[in-house]
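Observations on chain architecture
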Amino acid sequence: VAVKIAAEVINPETAMTIETDSKYVLELLRNPHKLEDKGFIDTSNAKLIQSTIASLRLRPTQTLLKWVKGHNGHEWNEGADLLAKEAVRKEKASYINLHPPRTLHVTGAKLSTMTQALAYKAI
């Protein structure tokens, strides 16, 4: 969620560096074609991931992705952890628009990536 919000709030003309301790998030954002080719079938938080990728693609400037070790005193990472804990304690969830623009909305899977198992999950 933080990456999506940053991509939408930070001036699009400003280059952005995303630092995260999540290797999962880095893999998703560095190789989005893997999920897109599968049509996001059987992907946890598919709408959030698809929307985040779209928000990053709308930015005309470069976005760098960097891994940092978690719980290691990294100032920005510790701050992000505190904000995440605060968000979990909120009584009412904040609204997050998960609808990417139609031009960036991926529909369906590539036939070349479709397996019988993946097809059954899509049904």
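Here the structure is shown first, and the text comes after it.
Predicted model, so just to flag it, every value in this text is computed and none were measured.

Parameters and conventions
- Each chain carries its own residue numbering, running from 1 in the written order of its sequence.
- Per-residue local features of the predicted model are confined to residues with pLDDT of at least 70, and side-chain atom pairs are confined, for both listing and counting, to 80 or more; whole-chain, interface and lining totals are unaffected and use all residues.
- To get the side-chain values, all heavy atoms of the structure are used, and hydrogens and water are removed first.
- Put simply, buried Ala, Val, Leu, Ile, Met, Phe, Trp, Tyr and Cys residues joined by side-chain atoms within 4.5 Å make one nonpolar core.
- Accessible area is worked out with a 1.4 Å probe on protein chains only. A residue is then buried under 20% of its type maximum, exposed over 50%, and partly exposed in between.
- Helical segments are the DSSP runs of H or I of at least four residues, strand segments are the runs of E of at least two, and each set is numbered from the N terminus.
- Whether two residues are in contact is decided by their heavy atoms: any pair within 4.5 Å suffices.
- Distance thresholds for patches are 9 Å for like charges and 5 Å for nonpolar side chains (Val, Leu, Ile, Met, Phe, Trp, Tyr), applied to residues having over 30% relative accessible area and no salt bridge.
- Accessibility throughout is a Shrake-Rupley quantity obtained with a 1.4 Å probe, and a residue counts as covered only by protein chains that appear here.
- A pair is scored as a salt bridge if a Lys or Arg side-chain nitrogen falls within 4 Å of a carboxyl oxygen belonging to Asp or Glu.

1. Comments concerning the nonpolar core
Formed by 13 residues in total, the largest nonpolar core has its most connected members in Met-16, Phe-40, Ile-49 and Leu-56. At 4 residues, helix α4 (residues 46–58) tops the list of elements feeding residues into this core. Not counting residues up to four positions away in its chain, the partners in contact with Leu-56 are Val-3, Ala-7, Met-16, Leu-29 and Thr-63.

2. Some points on the environment of Glu-75
Mapped onto the fold, Glu-75 is located in helix α5 (residues 75–89). Residue class for Glu-75 comes out exposed when judged on its relative accessible area of 61%. The spacing of Glu-75 and Glu-36 is 39 residues in sequence and 33 Å in space, taken between C-alpha atoms.

3. A closer look at unusual backbone geometry
Although it is not a glycine, Phe-40 sits at a positive phi angle of roughly 60 degrees. Tracing the backbone shows Phe-40 in the loop between α3 (32–37) and α4. At His-71, a residue that is not glycine, the phi angle is positive and equals roughly 55 degrees. Following the sequence through the fold, His-71 ends up in the loop between β2 (63–67) and α5.

4. Examining a nonpolar patch on the surface
On the surface, Val-1, Ile-5 and Val-9 cluster together into a nonpolar patch covering about 270 Å² of accessible area. Along the polypeptide, Val-9 turns up in helix α1 (residues 2–9).

5. Digging into the pattern of salt bridges
Enumeration over the complete set of coordinates arrives at 6 salt bridges. Among the salt bridges present, the one from Lys-4 reaches Glu-8, with a minimum N-O distance of 2.3 Å. Here Lys-4 pairs with Glu-8, and both are found in helix α1, just 4 residues apart, close to one helical turn. Across the pair Lys-121 and Asp-42 runs a salt bridge whose closest N-O atoms are separated by 3.0 Å.

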